[in-house]
Amino acid sequence: MSAAAPNSSAFEYQTADCWEEAIKLRALWGEGAKLIAGGQSLVPMINLRLAMPAALIDLNPIVSSGPWLDQGELVIPAMTRHRAVLDSPLVATHFPMLAKAVGLVGNVRVRNRGTIGGSVSHADPTGEIPCVVLAAGGRIVVQGPSGMRSVPADDFFLTYLTTATDLDEVVTEIRLPVAGDQDGWGFDEVTRRFSDFATVEVAVSARSRASEEIPELRVVLGGVADRPLLLGEDILEPFRRLGADPQAIDEVAQNAANSISPESDVHASADYRRRLTQVLTRRSLAQAVGLG
Amino acid sequence: MTEVLPDAPDVGSLPRTGETYNIVGTSPAHHDFIEKVKGSLLYAADWRLPGMLHAKLVRSQIASGRITRIDTSAALALPGVVAVLTAEDVPYNQIVENASGGLGEVTVSQPVLAADRVRYAGEPIAVVAATEPEIAAEAVDLVEVTYEETPGVFDAESALADDAPLVHEEGNVLVNWNIVRGDVENEMAAADVVVEGEYQSQHVEHAYLEPESGVSWLENDVVTLRISTQVIEHATEIAEILEVPESKVRVIASYMGGGFGGKEDMTVEPYLALVTWHTRKPARMVWTRQESMLASTKRHPFLMRYRTGARQDGTIVAQEVEIIGDAGAYPCLSARVLFAGAALACGPYRVPSVRCTSRAVFTNNVPSSAFRGFGAMQVVFGYESQMDQLASKLGISREEVRDRNYYVKGDTIPSGDEITTAVAVTQTRELALQELGEGPPPTASHKRVGRGFGCGMQPYGRTIWFRDHASAWLTLQTDGSLLIRSGVTDLGAGQAASLCQIASEVLGAPLESISVYIGDTALNPPAGGTFATRQLYMSGNAILRASHDLRDQLTGVAEDLLDAADGELAWQGGKVQAGGRSLTLADLAKECQQRGVNTSNLYTWRAPGGKFDPSTGQGGTFPDYTFGTHAAEVEVDLETGQVEVRRYVASHDVGRQINPVRVEGQIQGGAMQGLGYALMEDCPLDEGQAVSTLFANYLIPSSMDMPDIQVAVVESGEGRGPLGARGIGEPPVGPTAATIASAIEDAIGVRPTQLPITPERILKLLDEAGSAGAQTGEEQA
Amino acid sequence: MKTQIFLTVNGEQHELWVRNDRTLLDALHDDIGLPDVRYGCGEGVCGTCTVLADNEPINACLTFAVQAQDVAIQTLSGLTNASEELHPLQKCFLEHGAAQCGFCTPGMVLTSKVLAQRNPSATRQEIRYELVGNLCRCTGYTKIVDAVEEYFGQVREQASTGGGDR
Ligand SMILES: Cc1cc2nc3c(=O)[nH]c(=O)nc-3n(C[C@H](O)[C@H](O)[C@H](O)COP(=O)(O)OP(=O)(O)OC[C@H]3O[C@@H](n4cnc5c(N)ncnc54)[C@H](O)[C@@H]3O)c2cc1C
Ligand code: FES
Ligand code: FES
């Protein structure tokens with residue numbers, strides 16, 4: 001212990017007006033620095049002394065002009081509050097699944113402050129937003145000293161609270177491919193208490209394909225692994241074999257449940273999570289392909 | 001809705017002011033509620049004093065072990081840290097509860113700060129005081145405690161084994177109550193049917209939204225504490241701990257942001273007292289929510305084993321009950337909680353032959369103590385489950401089996417004590433079921449709907465061998481305003497406001513003209529703590545009698561001034577009236593002053609006492625009981641195990657409603673706490689360590705989890721409280737778990753026996769019943 | 001080491017010196033002395049620290065005081081000053097017995113007041129949804145929702161008769 005450095009735990013605090021400044025500050029402060037967006041995940045950890053950053057770089061001055069459409073993608077700037085996502089007509093039209101999921105995040109105060117960039121960066125494996133971003137096949141735009149790059153959601157979520165963002169990078173945008181009229185989606189979750197973090201959740205997007213009869217399915221499980229889990233082709237195989245019918249849905253749900261090794265925690269055992277996975281996969285899939 | 005029972009017989013000696021009331025039975029908003037909706041009421045953490053320090057506890061990281069070293073030097077070196085106190089700094093390092101009142105519990109003391117041994121994770125070891133809360137928190141992390149772990153015991157039943165590690169040298173059984181009546185062996189053998197069951201409840205957190213908190217300071221060399229507490233009488237123990245005369249400790253209770261029993265034992269008091277005593281400075285201590293989750297007392301998990309023997313027609317002939325309560329590491333109030341469990345183990349049913357053993361057992365878990373329902377609520381889940389089992393075994397309705405066995409006034413409970421007021425449990429059941437009615441069918445093919453009910457019986461008032469008493473002091477001022485002084489503490493249920501209503505009723509003083517000063521050991525006559533649903537009963541009776549006595553004192557002068565005859569006076573609206581003439585209370589008070597007539601009255605009301613003989617298991621128990629029935633409709637998802645409570649009705653006989661809105665509020669809030677207990681709440685421990693201390697993970701119901709609670713009040717007019725009121729603080733939490741279990745059984749055909757009834761446990765029950773697999777596998781979404 | 005900050009609270013400017021890790025909750029409760037902003041959990045779960053920032057409810061426990069300089073903060077006591085009469089929503093709480101211990105009340109009132117401005121025709125269920133992050137351990141919520149519903153009725157009535165916005 002570096003005893004007696006006065007007020008050692010009080011961090012330095014600086015605001016960033018733009019991403020470039022945030023990146024610069026981050027380089028300046030180094031490893032001990034933390035970005036703070038809505039603070040709805042970070043500050044509880046600081047309050048509980050689970051995180052003790054040496055410096056906070058506050059992203060809140062970075063103005064976000066809300067979601068917009070850009071060449072077939074819905075662009076959601078990282079500092080977009082959950083509340084703005086919920087209020088956005090563009091999201092309601094093009095991503096009802098996101099609207100539904102965000103409506104189940106925490107409470108009104110959390111949604112007023114929490115941001116989409118913070119949610120994907122925090123990468124809580126039970127979070128609704130990471131699940132939906134992954135199911136939608138979105139990409140995350142990150143920016144660092146050496147410029148901008150875009151990471152497919154498939155490669156973004158690595159493990160608990162860990163993403164493909166490098167230490168010197170920031171997340172600036174989330175981009176989601178706009179769904180077509182023929183596309184379906186399904187989202188279902190079980191929580192022990194209304195709008196708490198989910199015990200298990202399943203997000204499905206079903207994209208119709210001109211060339212094929214069966215839609216392209218992206219099925220994501222939340223709460224059953226160290227990251228949101230995108231089901232592989234092998235698990236979805238029954239669809240290929242049987243088409244989009246109840247039998248295929250049942251088999252996929254069974255496969256999904258068999259494929260995971262969830263953990264037990266204060267809210268549910270591993271076994272229960274497996275059962276929920278089966279039920280919720282079935283229900284979300286059925287909804288997505290119009291058999292609900 | 002309200003039902004008044006016709007022809008309620010008079011309740012003996014209880015004073016009544018006549019059949020119609022002006023103030024009692026209405027729901028005026030009292031001053032403290034106006035401050036509450038304004039946000040201006042000052043709770044315990046809202047005081048700030050010049051030079052105030054912030055105190056914080058260093059708590060044990062392990063559940064069982066020896067402390068080999070405590071190094072406070074790094075903490076003391078942190079600028080801003082003023083003191084770090086350990087066991088050595090405590091003049092008398094013992095808290096002795098003796099909760100049974102000397103009826104056979106083992107004497108075990110609890111250290112204020114652990115000296116050599118720690119017995120639960122979260123046990124206080126040192127207290128840090130610093131100039132700022134953030135610095136105090138840092139300093140806590142700098143106190144280095146070295147432990148040597150020793151084997152612990154984490155389950156009450158295992159703690160009973162001969163070779164179990166001893167939590168205290170005195171043994172792991174804190175108390176063993178036996179209540180015995182009749183010949184259980186023979187009656188059971190002769191019974192037509194016998195049903196058996198084992199039921200298990202969990203650790204439950206009070207989760208009042210105001211954490212444990214308070215401030216302390218020295219005033220005229222008196223250690224003064226302003227605390228969120230239900231019991232200011234802890235001043236005695238604080239004086240003992242500091243080894244100062246009792247006259248040197250003053251405790252003031254702030255209005256509480258909820259108590260529910262969790263502020264009945266001391267929380268922050270001894271630590272604040274120590275800090276102020278040592279530093280001579282004011283101090284504040286507020287437990288973090290996570291500290292409160294970790295280390296504040298919990299509701300006892302009960303393991304209950306029942307055997308019930310009955311005749312073919314449903315009449316119970318014998319019941320055997322074994323209760324094992326997890327007391328955790330220290331005695332607290334466990335002895336009394338387990339007594340209440342034993343005394344009420346048979347519920348509102350006449351059982352001729354009974355054998356009940358009820359033990360409080362030490363473990364290395366967080367201590368359990370008082371919590372709304374106080375032992376009498378856990379057993380409802382046991383006895384009501386037995387009744388439903390009996391009904392299905394005999395092929396008669398759940399109503400019929402109960403009708404055969406309900407107590408009537410004059411019956412004796414298993415300890416031999418007589419029930420002296422109306423037993424209106426049937427009326428509450430009929431009302432509850434009528435209000436519940438029948439709802440719509442299931443909303444999906446994988447769901448089932450079920451309805452059920454549960455009846456309960458909850459004592460109010462302290463166990464009678466404590467010879468409980470409460471005082472109230474009334475003064476009519478010369479401007480006609482009325483002062484009430486009473487040592488009651490206010491948990492937020494309107495304890496102070498009820499006293500005003502009663503005094504207003506008797507003396508005719510308008511509510512606006514009454515000021516009430518409560519919860520101060522220096523300035524108020526003692527009222528005993530606010531627990532055991534005793535304050536309306538005790539202080540209500542004290543204030544009623546003080547009001548009558550004061551009125552009698554003033555009557556002569558009033559009659560004289562108004563030229564009125566005996567019994568002609570009417571006291572109302574700030575005036576005394578007789579035959580068209582009237583006199584303001586102000587003028588009356590002035591005249592009394594002139595004539596040297598005392599305008600104050602200090603009354604001490606003593607509850608009837610009694611004796612309980614622990615060796616025979618017979619004797620006096622509680623002053624009286626509140627009966628009630630709850631009814632629920634649930635919808636169960638067979639695939640996920642989720643239970644939705646669609647509708648919920650709670651009905652109680654409250655004797656008489658002093659304030660109907662508050663009565664309804666108590667019932668709704670109690671039922672909601674019961675619903676959390678039944679379905680959601682648990683504090684899982686792993687070898688004594690809390691699996692989580694986050695409030696996010698402790699599931700008290702939110703506004704979206706449960707339906708509106710419908711209330712159906714019965715007023716039998718009989719109760720031992722003032723004007724025939726019964727206590728209603730604790731009773732509504734009792735029948736809930738049994739009610740939900742009964743509705744779930746109706747829906748899915750299997751009875752949950754373990755609380756909370758989580759979705760996961762529902763699926764397990766369905767699996768065991770064998771029907772689930774097929775249904776969930778085949779059904780389509 | 002402390003930072004000088006300026007907070008606008010209930011229309012008044014306050015100059016404070018705070019550590020950077022001082023939460024807005026502690027600054028409001030302890031430094032400015034507002035008892036209506038309360039610590040209940042520090043996790044964003046309970047809602048006793050609810051304040052309005054530019055008229056939207058936020059967790060004062062999850063915001064640092066240094067972050068709150070550019071917003072207008074309103075607490076319950078800003079709804080009425082001490083001498084003034086109760087806000088109609090507060091009256092509804094009083095009449096319905098919607099406060100027992102009162103610890104949750106400021107958060108309940110502020111959150112429902114903002115909903116009333118946005119959607120005075122909210123259903124009982126929508127009111128419950130909005131209040132989900134304001135826990136109450138005493139009332140069982142029924143009376144709180146009753147009170148809020150009644151107030152929403154008043155707001156609608158006022159709107160239809162062209163009354164002022166309060
Ligand atoms: C009571 C409560 C309930 C909640 N319930 C839910 C729920 O049900 N479901 C759910 O999904 N979430 C829930 N949350 C979490 C909430 O959604 C958070 O807002 C979110 O997870 C994080 O967003 P934030 O903007 O608050 O991030 P912050 O807390 O500010 O930051 C979180 C992490 O992300 C980093 N970060 C933030 N922004 C960026 C960026 N642009 N680039 C790189 N790194 C960045 C931070 O450094 C930090 O490590 C809940 C929170 C609370 C307090
Ligand atoms: S204290 Fe902020 S939500 Fe509980
Ligand atoms: S009134 Fe006590 S928490 Fe709501």
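Scroll up a little and you will see the structure.
Residues numbered from 1 in each chain as written. Chains lettered and ligands numbered in written order. Predicted model: local features only at pLDDT ≥ 70, side-chain atom pairs only at ≥ 80, totals over all residues. Heavy atoms only, no water.

Student: Pulling in residues and values, what's your account of empty space enclosed by the protein?
Tutor: Residues and elements named next belong to chain B. Counted according to the given criterion, the structure contains eight cavities of 30 Å³ or more. Taken as a whole, the largest cavity holds about 610 Å³ of empty space. Elements that contribute at least two residues to the lining of the largest cavity include exactly α13 (495–507), α14 (535–562) and α16 (660–679). Of the residues that constitute the lining of the largest cavity, the class distribution is 16 nonpolar, 16 polar and seven charged. For the second largest cavity, the calculated volume is near 290 Å³. (1 Å grid on protein atoms, 1.4 Å probe; cavity = no way out; pocket = protein on both sides within 12 Å on 5 of 7 lines; lining within 4 Å. Points joined across faces, edges and corners; volume = space filled by probe spheres on them. Helix = DSSP H or I, 4+ residues; strand = E, 2+ residues; numbered from the N terminus. Nonpolar A, V, L, I, M, F, W, Y, C, P; charged D, E, K, R; others polar.)

Student: Go over the pattern of salt bridges with me, naming the residues and quoting the values.
Tutor: For the structure shown, the criterion picks out 74 salt bridges over all chains. Residue A:Arg274 pairs with A:Asp271 through a salt bridge whose shortest N-O separation is 3.6 Å. Here the residue A:Arg274 and the residue A:Asp271 both occupy positions in helix α12 (residues 270–288), the gap between them amounting to three residues, near one helical turn. A residue is classified by how much of its surface remains accessible, and A:Arg274, at 29% relative accessible area, is partly exposed. Residue B:Asp767 is joined to A:Arg275 by a salt bridge in which the shortest nitrogen-to-oxygen separation is 2.6 Å. With one member in each of two chains, B:Asp767 in helix α18 (residues 759–769) and A:Arg275 in helix α12 form a pair that bridges those chains. A relative accessible area of 36% means that B:Asp767 is categorised as partly exposed. (Salt bridge = Lys/Arg side-chain N within 4 Å of Asp/Glu carboxyl O. Buried < 20%, exposed > 50% of the residue type's maximum accessible area, 1.4 Å probe, protein only.)

Student: Just give me the short version of the sheet that holds strand β3 (residues 55–58) of chain A, but keep the residues and values in it.
Tutor: Residue and element names in this part refer to chain A. In space, the three strands of this open sheet follow the order β1-β3-β2, with parallel pairing throughout. Both edges of this open sheet fall to β1 (12–15) and β2 (33–36), since each of them pairs with a single strand only. Pairs of neighbouring strands in the sheet enclose a mean axial angle of 20°, with direction left out of account. Where β2 and β3 come together, four bridges link them in parallel fashion. Paired with Ile36 across the two strands is Asp58, which belongs to β3. (Pairing = 2+ DSSP bridges. Axes fitted to C-alpha atoms, helices over the stretch in contact; angles between N-to-C directions.)

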